[in-house]
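# Structural overview
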Amino acid sequence: MKAKQIMYMFVLGLFLAFTACTNPTPENYFDRAVLNTNMFNDFASENFTRMLIATTVKYEGVKGDTAKNQAFTMVDSKAKYIEKALKDIKALKQTDETKEMLQTSIALHEYVLPVYQNEYTALAKLCDSGGSKEDIAALALEIDNKYAAHFEELFIKLTNEGKAYAKAHNINVTWGN
């Protein structure tokens, strides 16, 4: 009889674990769809370009080439993070309540990902190879001019949807300026 009870508890535990994994909490939805975008909130901005340039600065007295491929590594890491986040968001079950937020988040991730994989990768390689300030600035400006406006629209839309969702579910969030 004890073996049967243990087996029953084991099956019940597996069922509960499976159910918990397939039914994310409101916090899970919010974290994946909205909070993860903090990783690229500097997209198409001078701030991101300054960070890329800063990673390639070689300091006097430092032995070795410590700045080699640092900008590329930063961009590549962001692209991989965005790919994973996008996959995680797409895996979430869309409900009437989450559909718009998830679709906006997917659209935002799908918008920025190819830019990181292409234009920002080219910019990072230019920074890492010691490209001229003028060439770096021109490419950065081209990226900003081409992508910033639509990014801002999607980001604001997702932020507003995230605020409403967080409020509806009493998720404590501190929003930036």
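It should be emphasised that the depicted structure is a prediction, and the values quoted were computed from it without experimental measurement. (Residues numbered from 1 in each chain as written. Predicted model: local features only at pLDDT ≥ 70, side-chain atom pairs only at ≥ 80, totals over all residues. Heavy atoms only, no water.)

Okay, the overall build of the protein next. Secondary structure summary: the protein contains 6 helices and 0 strands in total. For the protein, the succession of helices and strands along the chain, N to C, is α-α-α-α-α-α. Counting the 177 residues in the protein, one finds 34% classified as buried. Within the protein, residue pairs in contact and separated by at least 24 positions form 76% of the contacts whose partners lie at least 6 positions apart. (Helix = DSSP H or I, 4+ residues; strand = E, 2+ residues; numbered from the N terminus. Buried < 20%, exposed > 50% of the residue type's maximum accessible area, 1.4 Å probe, protein only. Contact = heavy atoms within 4.5 Å.)

A separate point is the nonpolar core. With 41 residues, the main nonpolar core has Phe43, Val112, Tyr116, Tyr120 and Leu123 as its most contacted residues. Those elements that provide at least two residues to this core are α2 (26-33), α3 (46-55), α4 (70-91), α5 (99-128) and α6 (133-168). Among the elements that take part in this core, α5 stands out by supplying 13 residues, more than any other. (Core = buried A, V, L, I, M, F, W, Y, C linked by side-chain atoms within 4.5 Å.)

This paragraph deals with α2. Buried within α2 are the following residues: Tyr29, Phe30 and Ala33. When α2 is viewed along its axis, its buried side chains cluster within an angular range of 95° and face the same direction. Here the buried face of α2 lies against α4, α5 and α6. (Arc of directions from axis to C-beta.)

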